[in-house]
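Architecture at a glance
Listed below are the residues making up each chain.
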Amino acid sequence: MGFIADVLKSCFSRLKVADLEQLIRQWGYLNNDELSQLDFSKSKLCVFRDVLSFCEDKKRHIEALRKVNDLDLMCTVKNSTKKKWTMYRLQDKKSGSKENWFSDPEKFKRKLQQQVDLYFDSAASVSVTLQDGALWCRLYLPSGNHFMTANAVYLIHYPNSHCFAISAFKVSVQNFLFQCLSNLFGYHTLTSMNLSGLQYKSLFQLAFNKLGETSFGKLSDVQSLPFISRRKRKAEEIEREPNLRSEDVAMKRHRSLSLEAAFGEYQQPVLESLRFKVEAKFMGKKNIENFQDDGEPFRCCVKFEGPSVLDGVRNLASCGLANEPLPKHLLRVNSLGTNNFVLKSKEKS
Amino acid sequence: MAPGETSTSTNRCMTTPQTFKSRLSHRFTPKRFTPYGRTPQSRRISTAVPTTRGRRKNVHTRTKSRTDSSSEAEDLKGFTNVTWKVFKLSPLYKFSSAPKDLKRYGQLLSSCVEAANQKGLFVENNVSRKALFCVQEGLKKTADDPDAIQILVKGKKGLGTVDTVILTATLCGVEMEGDLLIPDVKGHFTYYPVLLVKSTVAMTDVLITWLMRHFDCKISPLVFPPVYMAWMIAMWSGALANTNRKNKPVELVYQVPSECEGIKKITYTIEAADCLRVWNSIHDSKSDMFTEEEMTTFISSLEDHFYSLFRVKLNAMQLSCVGTSLCYIGRDGILKIYSAEHVSCILRHLTELSMEHFSLV
């Protein structure tokens, strides 16, 4: 029961007080009598102790363990932005593999459990749920008797898409884990897309923009995909006050139109960071008289960070902190499907 | 122009007729006549204007007094890989570095920390806390430097028997050029320009409050405006490039103005060797001194390169943190030193910056 207590404690520590009651009810493990005995106005610690005592009273250890694993997955679904997700692409489909069972979470779970049992200890557990059209999986790969959050790996996959998002995992389990997933999805190769962030829907949108198609061919109705953002950007107000007149209205309007042509009228996918590794000729030598140009590239790394970097790049131009036209490697992030770039000077032949 | 001195060019242009006598002096000066004389020294208010602008900065990374030795680097190893908060101080009244006085200060600080503990200021409930004052070796470089003092507060967590260090602080002044204290008061005051503290916010506040009350001084954070950080980048960006060790890259962190929503900061990291190549193109490596113009050219050339890649104007943003192979410095007075051999060099520069705020006339 110590393991169950550890998992429950981990769940409660991640949940906000406001979300606690709704999630416990949604969980469905406690019956109505037990739910009525819980006092959610008390502290989380009190509620945790009551829930733990109910789990211990049931005296069905295996079922209790399975249920708290499900609760842990529900907490992760609720707080998906607390995890950093990395996108992987599925390539080289295996002959004879079928994907028509991916939409059924129970079948998916059985298939995944079979693969996990082949490569890992039988104590490894699997939980699967379907949320907003996506399959959410939790794999717990134990290393010791105590629960450790680092041993839990979470995975998100939209059925019929050629990519999936995965949370952080230990390097020691990577080979076996990827072999499991390769067999499960029916693809030989799992390739990193160099795309990571906290908002999984934005990551899938960027991945889809690059990959552009599913196993059924290009979808004609892109807007119906659950991860595609359909919100238009808030229009810029050039003149706010009736008594104030801007002197450069024409310039601002022109800039606004050109930015709309470059970035579109919809909100950009949310990325927290954009990283560029640059190896190019040094181009800051206009004020340096005796620059030692030995042909070696000037190596630097640039990282843009913020709550929504793609919107931020657009706003840099609208605020006048960047000049237009912006370079292609900033404008095309949406279609390139990655947030880690390498820029190199073209070699002269 | 000093009073009494005249401009020869103006003397040719303007002559006072012999028949005309006025209240003005016969010698023409460009100054306008006022009925007031020079403000007496006793009534002058000291200013806190930094005087780095336009000044030539010494680019030494070694100390002037003696060469760095491995034993000295060993003494100062405790300063490395620790995040310090830097403070500047006014002179301490009646401070003594004699062993019996340091012991007394330790007892007084211990009782003050215990009183704060009774008030519930600390989150952790340590059983006992004890403060120790001792002389820090390796930081007194010249005769003008005071003995560097290390302050430790140790405590035992719960029922444990092992002491853990809760606070580490160092009072120091390294290669202090000249004496800011006038001879009349020199016997009563000891000037430590720099205080480094590593501890929790609550414990740091207790130490600073105690120092200010006990020694009648003023302690405030030593903030580093962007121009100071630009100087540090120019000084130290290539400091270790001649050794066999792989140098940490030069890092410039720019804070994006809040009106640009979506991006908070831009981190610009440059390989140390490439940075040194640019610096050597601007500054003659044989010369020990470099000017503000060279520093400005260096920073603007890095920003121009960034602009050519991204068309983003870094010069419209402010530097918030800079990192070199020697140290990492944040605008709010955060310091992390990586190289034990250059601790004295960095503290010397901090001493200089602190002393500029308290130049007494």
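Residues numbered from 1 in each chain as written. Chains lettered and ligands numbered in written order. Predicted model: local features only at pLDDT ≥ 70, side-chain atom pairs only at ≥ 80, totals over all residues. Heavy atoms only, no water.

Before going further, it helps to spend a moment on the environment of A:F12. Residue and element names in this part refer to chain A. With respect to the helices and strands, F12 occurs in helix α1 (residues 2–14). Judged by relative accessible area, which is 4%, F12 ranks as buried. Sequence spacing of F12 and D72 is 60 residues, and the spatial spacing of their C-alpha atoms is 9.1 Å. F12 has contacts with L20, I24, K44, V47, F48 and V51, leaving out every residue within four places of it along the chain. (Helix = DSSP H or I, 4+ residues; strand = E, 2+ residues; numbered from the N terminus. Buried < 20%, exposed > 50% of the residue type's maximum accessible area, 1.4 Å probe, protein only. Contact = heavy atoms within 4.5 Å.)

Okay, the confidence of the model for chain A next. Per-residue confidence for chain A gives a mean pLDDT of 84, with 88% of residues at or over 70. Overall, residues 214–221 of chain A carries pLDDT values under 50, and its contacts beyond four positions in sequence, including any with other chains, amount to ten contacts. (pLDDT = per-residue confidence, 0-100.)

Our next topic: unusual backbone geometry. Residues and elements named next belong to chain A. The residue after E324, namely P325, is reached through a cis peptide bond having omega 0°. Here P325 is to be found in the loop between α10 (309–318) and α11 (328–331). Positive phi values are uncommon outside glycine, yet N194 reaches one of about 55°. Structurally, N194 can be placed in strand β6 (residues 187–197).

Turning to the packing of helix α7 (residues 272–282) of chain B against helix α8 (residues 292–310) of chain B, a few remarks are in order. Residue and element names in this part refer to chain B. Where α7 contacts α8, the axes come no closer than 10 Å and their chain directions differ by 140°. Taken together, the axes of α7 and α8 are oblique relative to one another. Relative to α8, the crossing made by α7 is right-handed. Together, C275, V278, W279 and I282 of α7 and E294, T297, F298, S301 and L302 of α8 make up the contact between the two elements. Tallied by class, the residues present in the contact of α7 with α8 amount to six nonpolar, two polar and one charged. (Axes fitted to C-alpha atoms, helices over the stretch in contact; angles between N-to-C directions. Parallel < 35°, antiparallel > 145°, perpendicular 65-115°, else oblique. Left-handed = near helix turned anticlockwise from the far one by under 90°. Nonpolar A, V, L, I, M, F, W, Y, C, P; charged D, E, K, R; others polar.)

With that settled, consider the nonpolar core. Ranked by size, the top nonpolar core spans 135 residues in total, and within it A:F304 and B:F310 carry the most contacts. Element by element, the count of residues in this core is highest for helix α6 (residues 226–236) of chain B, at nine residues. When sequence neighbours within four positions are dropped, the list of residues in contact with B:F310 reads A:F276, A:V278, A:V302, A:F304, A:L326, A:P327, A:H329, A:L330 and A:L343. By size, the runner-up hydrophobic cluster in this structure holds 31 residues, among which are B:I166, B:V197, B:M203 and B:L207. (Core = buried A, V, L, I, M, F, W, Y, C linked by side-chain atoms within 4.5 Å.)

On to the packing of aromatic side chains, then. All chains considered together, the criterion is met by 33 aromatic pairs over all chains. Taken together, a centroid distance of 6.4 Å and an interplanar angle of 50° make the contact between A:F304 and B:F306 tilted. Taken together, the residues A:F304 in strand β8 (residues 298–305) and B:F306 in helix α8 connect one chain to another. There is no split in this pair, since A:F304 and B:F306 are both buried. When the centroid spacing of 5.0 Å and the interplanar angle of 40° are considered together, the rings of B:F306 and B:F310 count as tilted. In this pair, B:F306 and B:F310 are both assigned in helix α8, four residues apart and thus about one turn of the helix distant. Just as B:F306 is buried, B:F310 falls in that class too. Aromatic rings pair up to connect A:Y88, A:F108, A:F164, A:F169, A:F178 and A:F185 into one cluster. Between the NZ or CZ atom of B:K85 and the centre of the ring of B:F87, over which it lies, the distance is 5.3 Å. (Phe/Tyr/Trp six-rings, centres within 6.5 Å; stacked < 30°, edge-to-face > 60°. Lys NZ or Arg CZ within 6 Å of the ring centre and 35° of its normal.)

Let us now look at the interface of chain A and chain B. The partner chain B presents 39 residues to the 45 residues of chain A that form the contact. Counting the surface lost from both chain A and chain B, the interface buries some 3400 Å², and carbon and sulfur atoms represent 62% of this. Between A:R299 and B:D274 there is a salt bridge, with the nearest N and O atoms lying 2.9 Å from each other. At the surface where chain A touches chain B, the tally comes to 18 residue pairs in polar contact (both at pLDDT 80 or more). Put simply, the parts of the chain that give the side of chain A that touches chain B at least two residues each are β7 (273–280), β8, α10 and α11 of chain A. Here the side of chain A that touches chain B takes eight residues from β8(A), the largest share from any one element. In the side of chain A that touches chain B, the residues fall into 25 nonpolar, eleven polar and nine charged. (Buried area = accessible area lost by both parts, 1.4 Å probe. Salt bridge = Lys/Arg side-chain N within 4 Å of Asp/Glu carboxyl O. Polar contact = N/O pair within 3.5 Å; in protein donor to acceptor, adjacent residues only side chain to side chain.)

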